[in-house]
Amino acid sequence: MGAELATQVLNADAAAIAAAARVLARGGLAAFPTETVYGLGCDACNAAAVARLYDAKGRPSFNPLIAHVADGVAAHRLADFDASAERLAAAFWPGPLTLVLPKHASGPVAELATAGLDTIAVRVPSHPVARQILAAFGRPVAAPSANRSGHVSPTTAQHVLADLRGRVDLIVDGGPAPMGLESTIIACIDAPTLLRPGALSRAAIDQILPLKDLPSGAIGEEGEVPLAPGQLASHYAPRARLRLNAERVDAGEALLAFGPAQIVGAERAVLKLNLSPGADLIEAAANLFSQLRALDACGASSIAVMPVPEVGLGEAINDRLRRAAAPR
Ligand code: TXA
Ligand code: MG
């Protein structure tokens, strides 16, 4: 984990909102209330900040994060809305609904925030404190629930402090989260599909349009969306073959390096990128998906990947590398 931080807790007044916007702007981590649960926010466009956020949560893998924005106009800058998505957004935003949509390829959100996917989860929260922070900051905020990985979602600032003291810069205390249950997640990729039941009721959604369910058992423990629910192909998959723990680069291969060491054949790599020349795992996480995409795009049929230590964020990096390397 990164260095211990002096976690500040502030009551949700104008000064706290300005402080949260400043923390986000400098790549820090700020927890704040939403109408569902407390979120742990960072600048969604800053890959290093997103890497710090995964590190603070202690996530053993990179789950894609929800991009929180101030209004529908900002949401439309990030993703494509089909007719169903437009109707759901018009009916329920701002509010406890998250839409998973095709991501704009040239959008500003960091690859790491969406775990390299071609889709993005977007939400416009209704809580006044969340709205004011989003308006003051002016960019998308990536925010998972503000708990340590494996713990339940926090509904008060005290819960957040108990889980994340020393790991985040600021907690804005706006009292208990009114709903106490995470947002309902609906994917509008083809037929609108319920990915996670949540604070927006099924009955309310049924008034607007019919929903397809995922097959029963598809929703994982803790109500989390599974990483690979088959039909949603929801983890990053390069076209090129990945060769993990490579100790040399073979002819025609591209190279994903890590750390200062030179491996045999590195000079003949079709393209060589380094996750972190200084072997910093937070920097490596920030670069992971964008570098994989760049190497995949260079046309090599195989990418040699140097070993990444299985400590700290290295665990999540290796998890994603193994998934990307799995035969398809
Ligand atoms: O109420 C909420 O939604 C809270 C507040 C803070 O907004 N946030 C929240 O985030 O619950 P989190 O990260 O704890 O849960 C988000 C879920 C994860 O299960 C993740 O896998 C899923 O959304 N998700 C995010 N992007 C996705 C995508 N592109 N495709 C499929 N699932 C996605
Ligand atoms: Mg969560």
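Rules of the game
- Residues numbered from 1 in each chain as written.
- Chains lettered and ligands numbered in written order.
- Predicted model: local features only at pLDDT ≥ 70, side-chain atom pairs only at ≥ 80, totals over all residues.
- Heavy atoms only, no water.
- Near = heavy atom within 4 Å.
- Polar contact = N/O pair within 3.5 Å; in protein donor to acceptor, adjacent residues only side chain to side chain.
- Areas by Shrake-Rupley, 256 points an atom, 1.4 Å probe, with all protein chains shown as cover.
- Helix = DSSP H or I, 4+ residues; strand = E, 2+ residues; numbered from the N terminus.
- Pairing = 2+ DSSP bridges.
- Axes fitted to C-alpha atoms, helices over the stretch in contact; angles between N-to-C directions.
- Contact = heavy atoms within 4.5 Å.
- Phe/Tyr/Trp six-rings, centres within 6.5 Å; stacked < 30°, edge-to-face > 60°.
- Buried < 20%, exposed > 50% of the residue type's maximum accessible area, 1.4 Å probe, protein only.
- Expected span 1.5 Å × (residues − 1).
- Core = buried A, V, L, I, M, F, W, Y, C linked by side-chain atoms within 4.5 Å.
- Domains from an automatic or database assignment.

Our focus in this paragraph is the site of ligand 1. Around ligand 1, the surrounding shell holds 23 residues, and the nearest of these are Thr36, His68, Thr119, Ser183 and Arg196. Arg123 has a polar side-chain atom sitting 3.0 Å from an oxygen atom of ligand 1. The side chain of Ser183 places a nitrogen or oxygen atom 2.5 Å from an oxygen atom of ligand 1. Here ligand 1 loses 98% of its free accessible area of 680 Å² to cover by the protein chains. For the shell around ligand 1, the elements supplying multiple residues, two or more each, are β4 (66–68), β6 (119–123) and β10 (193–196). In terms of residue count, the dominant contributor to the shell around ligand 1 is β6 (4 residues).

Moving on, we get to the sheet that holds strand β12 (residues 241–243). The strands making up a sheet associate through backbone hydrogen bonding, with each pair oriented either parallel or antiparallel. Read across the sheet, 4 strands follow the order β12-β15-β13-β14 without closing on themselves; strand pairing throughout is parallel. Sheet topology places β12 and β14 (272–274) at the edges, where each strand pairs with a single neighbour. Ignoring strand direction, the axes of neighbouring strands in this sheet form an average angle of 20°. When strand β13 (residues 254–257) meets strand β15 (residues 302–305), the two strands line up parallel, connected through 3 bridges.

Taken in spatial order, the 11 strands of this open sheet run β1-β8-β2-β3-β7-β4-β6-β5-β9-β10-β11, and their pairing is mixed. In the strand order of this sheet, the two ends are held by β1 (8–11) and β11 (212–213), each with one partner. The strands touched by helix α2 (residues 47–57) are β3 (38–43) and β7 (141–142); relative to β3, the strand with the most contacts, the crossing angle is about 150°. Along the sheet face, helix α6 (residues 157–164) touches β1, β2 (30–33), β3 and β8 (170–173) and points at about 165° away from the line of β8.

A few words on the packing of aromatic side chains. Applying the stated criterion across every chain yields a total of 4 aromatic pairs. Taking 6.0 Å as the distance between ring centres and 75° as the angle between the ring planes, the aromatic pair formed by Phe81 and Trp93 counts as edge-to-face. With Phe81 in the loop between α3 (72–76) and α4 (83–92) and Trp93 in the loop between α4 and β5 (97–102), this pair connects stretches of sequence that are 12 residues apart. Relative accessible area serves as the criterion here: at 13%, Phe81 is assigned to the buried category. Ring geometry for Tyr236 versus Phe289: centroids 5.9 Å apart, planes at 80°, classification edge-to-face. Placement of Tyr236 in the loop between β11 and β12 and of Phe289 in helix α8 (residues 281–297) is noted, with a sequence separation of 53 residues between them.

Now for helix α1 (residues 14–25). Here α1 spans 17 Å end to end across 12 residues, near enough to the 16 Å set by a 1.5 Å rise per residue. Taken together, the buried positions of α1 are occupied by Ala16, Ile17, Ala19, Ala20, Ala21, Val23 and Leu24. Residues of α1 that are buried in the fold lie against β1, β2, β3, α5 (128–137), β7 and β8.

The subject of this paragraph is helix α9 (residues 314–325). A rise of 1.5 Å per residue sets the reference length of α9, with its 12 residues, at 16 Å; its end C-alpha atoms lie 16 Å apart and thus fit the reference within 8%. The secondary structure elements touched by the buried residues of α9 are β12, β13, α8 and β15.

Moving on, we get to the pairing of β6. The buried fraction of β6 amounts to 4 of the 5 residues, a majority that puts the element mostly inside the structure. With 3 bridges connecting them, β4 and β6 associate as parallel partners. Looking at β6, one finds that Ala67 is bridged to Val122. By the bridge criterion, 5 bridges tie β5 to β6 in an arrangement that is antiparallel. Bridge pairing in β6 places Thr98 opposite Arg123.

Turning next to the nonpolar core. Phe62 and Leu99 are the most contacted members of the largest nonpolar core, which has 75 residues in total. Per-element accounting of this core gives the leading share, 8 residues, to α8. In this structure, this core is formed jointly by two domains, domain 1 (8–213) and domain 2 (241–325), each of which donates at least three residues. Those residues in contact with Leu99, other than ones at most four positions away along the chain, are Phe81, Ala85, Leu88, Ala89, Trp93, Ile120, Ala121, Val122, Ile186 and Cys188.

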